[in-house]
Amino acid sequence: MTLPFIFHGQTPEWVTHNGAHLKLKLAVEKGVPLSKVMVRHEPDNEEYLVEMTPSGSTDHLDYYCATVPLNTDRDVTHYVFKLLTESAQYWLDAKGVSKRAPAKEVHFKFNANHQPPEWVCEQVFYQIFPDRFCNGKPEISVKDGEYLVSAGTKPVKAKQWGEAVDTSGQNGGCEFYGGDLYGVEKQLDYLQELGVTALYFNPIFTAPSNHKYDTSNYTQVDPHLGSNEHFAHLCEQIHQRDMKVMLDAVFNHTSTEHPWFNLQGLHEGIGAYQSPDSPYRDYYFFEGDSNQYVSWKGYRSLPVLNFENADVRNYIYQGEHAVIKHWLKPPYLIDGWRFDVIHMLGEGEGAKNNAHYVKAFRNAAKQINPDCYVLGEHFFEATQWLQGDQEDGSMNYYGFAHPVRALLAKLDIAFDPIDISVTEFLDWQAEARAKVPWANQLSQLNQLDSHDTARFLELVQHDPRLFSLAATLLMSYVGTPCIYYGTELGMMGSHDPDNRRCMPWQEAETSPYLPFFKQLISTRKQSLALQCGDYIPLYHDDHCFVFARQYQDDRVICAFNLANQEKEVAIETWKMGVNSADFLNPLSSDTASASNGKLTITLKPIHGVLYRQIG
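As the structure is a prediction and not an experimental result, all values here were calculated from the model.

Conventions adopted
- Residues numbered from 1 in each chain as written.
- Predicted model: local features only at pLDDT ≥ 70, side-chain atom pairs only at ≥ 80, totals over all residues.
- Heavy atoms only, no water.
- Phe/Tyr/Trp six-rings, centres within 6.5 Å; stacked < 30°, edge-to-face > 60°.
- Helix = DSSP H or I, 4+ residues; strand = E, 2+ residues; numbered from the N terminus.
- Buried < 20%, exposed > 50% of the residue type's maximum accessible area, 1.4 Å probe, protein only.
- Lys NZ or Arg CZ within 6 Å of the ring centre and 35° of its normal.
- UniProt positions renumbered as here; feature names shortened; annotations may be inferred.
- Pairing = 2+ DSSP bridges.
- Axes fitted to C-alpha atoms, helices over the stretch in contact; angles between N-to-C directions.
- Contact = heavy atoms within 4.5 Å.
- Salt bridge = Lys/Arg side-chain N within 4 Å of Asp/Glu carboxyl O.

1. Observations concerning the packing of aromatic side chains
Throughout the structure, instances matching the rule amount to 55 aromatic pairs. When the ring of Tyr535 is compared with that of Phe547, the centres are 4.7 Å apart and the planes differ by 25 degrees; the resulting orientation is stacked. Here Tyr535 is found in strand β26 (residues 534-540), whereas its partner Phe547 is found in strand β27 (residues 544-551), with twelve residues between them in sequence. Residue Phe547 is classed as buried on the basis of its relative accessible area, which comes to 0%. Stacked on the ring of Tyr293, the Lys or Arg Arg300 has its end atom at 3.8 Å from the ring centre.

2. Describing the UniProt feature "domain: Glycosyl hydrolase family 13 catalytic" (unreviewed entry) in the protein chain
This chain's UniProt record puts "domain: Glycosyl hydrolase family 13 catalytic" (unreviewed entry) on residues 127-524. Between the C-alpha atoms that bound residues 127-524 the distance is 18 Å, and the span itself is 29% helix and 11% strand.

3. A closer look at the sheet that holds strand β33 (residues 607-614)
With antiparallel pairing, the six strands of this open sheet are ordered in space as β26-β27-β28-β33-β30-β31. With one partner strand each, in any of the chains shown, β26 and β31 (591-594) form the two edges of the open sheet. Averaged over all pairs of adjacent strands, the angle between their axes in this sheet comes to 25 degrees, without regard to strand direction. Sheet analysis places strand β30 (residues 581-584) next to β33, joined by three bridges and oriented antiparallel. Looking at the pairing, Leu584 lines up with Arg612 of β33.

4. Comments concerning the UniProt feature "site: Transition state stabilizer" (unreviewed entry) in the protein chain
Sequence positions flagged by UniProt for "site: Transition state stabilizer" (unreviewed entry) are, in local numbering, Asp452. Here Asp452 shows up in the loop between β24 (445-446) and α11 (456-459). The exposure class of Asp452 is partly exposed, given its relative accessible area of 30%. Not counting the four nearest positions on each side in its chain, Asp452 is found in contact with Arg338, Glu377, Phe379, Tyr397, Asn499 and Arg500.

5. Quick word on the pattern of salt bridges
Counted under the stated rule, the structure contains 27 salt bridges. A salt bridge links Asp389 to Lys359, with the nearest nitrogen and oxygen atoms 3.3 Å apart. Remark: Lys359 occurs in helix α7 (residues 354-368) and Asp389 occurs in the loop between β22 (373-376) and β23 (393-394); sequence separation between them is 30 residues. The salt bridge involving Asp452 is made with Arg500; its shortest N-O contact spans 3.6 Å. Pair noted here: Asp452 is in the loop between β24 and α11 and Arg500 is in the loop between β25 (480-484) and α13 (513-525), with a separation of 48 residues, a long-range link. Salt bridges linked by common partners bring Arg40, Glu42, Glu47 and Lys104 together as one network.

In structure tokens form, the structure reads like this:
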């Protein structure tokens, strides 16, 4: 049985926050013989049903409104819609329409007390792995054999720019190509012309490895990347271009070369590794008086920090000069933190009281800059951290990267085979969206690839059609897009470290993908619908799916065809409240017209297309 079209958006047109109440709007397909329309909510953990009243109609839709009180017992208010006919009922939750009461995890959610910064969803982020982006000052580059990494077991190796990365698994963190922050400064014009508006840096603090997830000094820019003074100057330049800066923070563990640990004895004082009597011994976890310690996932170069220790807490987030606060203040004024493996933080081994520390990190950052973007790294589902009071958003592997990879590359994150249908793909994404308040959905960081995953073009076996389709989806889906450096040039690369090749600047003039990405980015930046508009499902079959993004009168139809042949699709634009209108494809200047609430378009094989309403 086909379910009726019932829709509730979560933009201000549909949800109005007024003091202690929410005013809610609902759209229902005409012709459904309804006897009652209600909002279900739980002000005291018990069900209350508020009847909705008619509030207008179009040729195809009837609208209803109701006002419900916000919860006073908790930050998040949950609600769903219950619609009755004489013989049946329909429910609308954040995942979609069903014929029975839904689980609470997919109820609509509104957090009245904790909202992400409004600027986040307006951005197009660009992730920079500093050592591989651009060498701007060769004299500060790492010299061959200059020091030891991997807990003092391997010498560093200096390589020529563009030379192949060692994929044997032996030297991933030891190879240096000389990229630095001066190189980023040198390429600011390129980044601005590309259209990106926010830069996300992999760690830049002093650390032995090339990836720098083994921090040895949290308040000093690594001298092989630059200096604190130069970074302050760089931040000023970035901000003058109306761009944002987000840094990567690794607080779950340090390097063995951090002065607190001091495995190699490179620093004055007695480190935790050197003696049970060290003042820093309790900063980490040791087995009695031995030198056996807890490390991140067994990597001996990454000893885990003990947040039960007051000095650790004070240094990282509690104190007036805590690291989290330091870089948010002048002269740097960074705009956001990406917290590495934040779900693993806790007391003792494991992640005991994790939520307490994530909230504490958030509060420390917001104390200095209430508009600071708090982003967490989670490779899998992050629902529990995304209810508003912990993270503004997460690296959206679960809700975007994983399903897109499964659908288009037929591989999961572990490179195991997976085969999902279009319906299963849409269900996966709908589930991920439904579990999170709308404002946090918009602040999810969506990527096709990153420093921790294979390059997407590699995953789809160099198929430019699948790559372009995925890029179109990246720029049109709910959440904030982020481009991993070089993706706009079609960079290849398999598992880490092969996914961290040097940026091929010589290809910037000839890459067929660069103009395409510029157009996509420009299209997103010009459209409020793509930045913060509602997601309206319009059509899907075995090979195609179509959704709209809509914010007030800005509407964009996003259509995707996975078949190897052309596909003609009839789209019911009345679901967007549109009876007759003209639409323009901003990437090709093709036009299409809707009449009588319908629009028919022909989709090319393995292709994604955007049509924005004009006039």
